[in-house]
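If you want the building blocks of each chain, they are given just below.
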Amino acid sequence: MDGPRPKVKSFEIDKRLIVEAWEKVRANSGAPGVDAVSITVFASELRDNLYKLWNRMSSGSYFPGPVRAVEIPKDHGAGVRTLGVPNTVDRVAQTAAAMLLEEKLEPIFHPDSYGYRPGRSAHDALAVARRRCWEQDWVVDLDIRAFFDSVPHDLLLKAVAHHTDERWVLLYIERWLKAPMQMPDGALVAREKGTPQGSPISPLLANLFMHYAFDRWMDREHPDCPFERYADDIVAHCATEEQAQALRADIAERLGAVGLELHPEKTRIVYCRDANRRGNHEHTSFDFLGYTFRGRLAQGPYGYFVGFSPAMSNKAKTAVRRKVRAWHLNRRSDKDLSGLAEDINPHVRGWINY
């Protein structure tokens, strides 16, 4: 008599992928989601938890929990942003899908896309922006209103489907996008668009969406206007004010066609004024990735001159001062100078490198 037939899984998912995803999640640490299961608690029954996740994902019965809404201050004290913190098990699942997708997407991403990519950093984007500001006189400083809350799910899923034939990846990405957000008061808010900041797969999805919505479009429609993009933070370079005005209008129309909107007050056209480029213009500086680009006194081989260069922005300086004040050094009578230095020096080194 034949024995019981083994159950056929809906999807073939390598168990090693789930284990490697867990190792990444553990290394990144992070707060628990709405189920309050921390990294430590999840690791206490690791084999069972990883097997259950793999089994559910392979059978198609995996459904993510709600994401926990957490408000945090924006960089340099510019208001607050809402993060969506997934449960630990969902972070492992998302990381597995992101690892699989990244192998296919990284080679096709634009060379001027710098955010959340291996081997690339904000400083790389800043260095290229600095050089191009010397080469071209005008900059369009772009600000996309509520980008991570506005990405249309249908267009994003279409882009994902274009790059993978793994049905489980597409299925679970759709479920992650639609998972409700649990607010601090316990209320569940449905999500019909957007990919919440705070989830492991959101940066990759954001880059994929902007690859088609902006990067490739710029290469096709405005090849003479180079740009640097770090997630949704973008500056584009133009030779003339007229070209900058036309580019701003075209980008606004393009983003509107894909469900996004330029912030009308924060998007500006900037003249890169320096020793050789003079005249009165409304905007002669812009902020990019925590640095302010403007005319600054510099020393060259023939003496001092005014060059258009970046330095730490005023918002970033204010954030540093706020943090130093929060240390209340005058109250730290529990430590001597060497003890205080041991606590403070890592922060100071980071600021110096910044």
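### Points about the packing of aromatic side chains
Going through the model one piece at a time under the given rule, you end up with 13 aromatic pairs. A centroid spacing of 6.3 Å and a plane angle of 75° characterise the contact between Phe11 and Tyr172, whose relative ring orientation is edge-to-face. With Phe11 in the segment before α1 (15-28) and Tyr172 in helix α8 (residues 167-178), this residue pair connects regions lying 161 residues apart in the sequence. For the pair formed by Phe11 and Tyr172, the shared burial category is buried.

### Description of the sheet that holds strand β4 (residues 181-182)
With mixed pairing, the 4 strands of this open sheet are ordered in space as β2-β1-β4-β5. Edge strands, defined here as strands with exactly one partner in the open sheet, are β2 (80-85) and β5 (188-189). Taken together, the 6 bridges between strand β1 (residues 67-73) and β2 define a ladder with antiparallel strand orientation. Within the sheet, the bridge partner assigned to Glu71 lies in β2 and is Thr82.

### Comments concerning the environment of Pro200
Mapping Pro200 onto the fold places it in the loop between β5 and α9 (202-221). The spacing of Pro200 and Leu188 is 12 residues in sequence and 21 Å in space, taken between C-alpha atoms. For Pro200, the residues in contact, after removing those within four places along its chain, are Pro86, Arg91, Gln94 and Thr95.

### A look at the pattern of salt bridges
Oppositely charged side chains are able to pair whenever their charged atoms sit close together. If you walk through the whole model with that rule in mind, you get 13 salt bridges. We note a salt bridge from Lys104 to Asp165, for which the minimum N-O separation is 3.8 Å. Placement of Lys104 in helix α4 (residues 88-105) and of Asp165 in the loop between α7 (153-163) and α8 is noted, with a sequence separation of 61 residues between them. Taking the relative accessible area as the measure of exposure, Lys104 reaches 37% and is therefore partly exposed. The class for Asp165 is exposed, based on a relative accessible area of 66%. Glu221 is paired through a salt bridge with Arg220; the nearest N and O atoms lie 3.5 Å apart. Assessed through its relative accessible area of 44%, Glu221 is described here as partly exposed.

### Notes on the packing of α1 against α4
Running from N to C, α1 and α4 point in directions that differ by 115°, and their axes come no closer than 8 Å. When the axis of α1 is compared with that of α4, the two are roughly perpendicular. The crossing of α1 and α4 is right-handed. Facing α1, whose interface residues are Leu17, Ile18, Glu20, Ala21, Trp22, Lys24 and Val25, α4 presents Thr88, Arg91, Val92, Thr95, Ala96, Met99 and Leu100. Among the residues forming the contact of α1 with α4, the class breakdown is 9 nonpolar, 2 polar and 3 charged.

Cut-offs applied
- The residue count restarts for each chain, going from 1 along the sequence in the order it is written.
- Per-residue local features are limited, in this predicted model, to residues with pLDDT of at least 70; the limit for side-chain atom pairs, both in listing and counting, is 80 or more; totals at the level of whole chains, interfaces and linings are taken over all residues.
- Where side-chain values are given, they derive from all heavy atoms of the structure, hydrogens and water being excluded.
- Centres within 6.5 Å make a pair out of two Phe, Tyr or Trp rings, where for Trp the six-membered ring is used; the pair is then stacked when the planes are under 30 degrees apart, edge-to-face when over 60, and tilted otherwise.
- We count a stretch as a helix when DSSP gives it H or I for four or more residues in a row; a strand needs E for two or more, and each element gets its number in order from the N terminus.
- Each residue is assigned to one of three classes by its accessible area relative to the maximum for its type, calculated with a 1.4 Å probe on protein chains only: buried under 20%, partly exposed between the two thresholds, exposed over 50%.
- At least two bridges found by DSSP between two strands is the condition for calling them paired.
- Only heavy atoms enter the contact rule, under which two residues are in contact if any of them lie within 4.5 Å.
- In what follows, salt bridge is the name for a side-chain nitrogen of Lys or Arg lying within 4 Å of a carboxyl oxygen of Asp or Glu.
- To get an axis, a line is fitted to the C-alpha atoms, and for a helix only the part in contact is used. The angle between two axes follows their N-to-C directions and goes from 0 to 180 degrees.
- Any angle that is under 35 degrees is reported as roughly parallel, and any over 145 degrees as roughly antiparallel; angles of 65 to 115 degrees are reported as roughly perpendicular and all others as oblique.
- By definition, any crossing whose near helix is turned counterclockwise from its far helix by less than a right angle is left-handed, and any crossing with a clockwise turn is right-handed.
- The classification used treats Ala, Val, Leu, Ile, Met, Phe, Trp, Tyr, Cys and Pro as nonpolar, Asp, Glu, Lys and Arg as charged, and all other residues, Gly among them, as polar.

Structural measurements only, silent on function.
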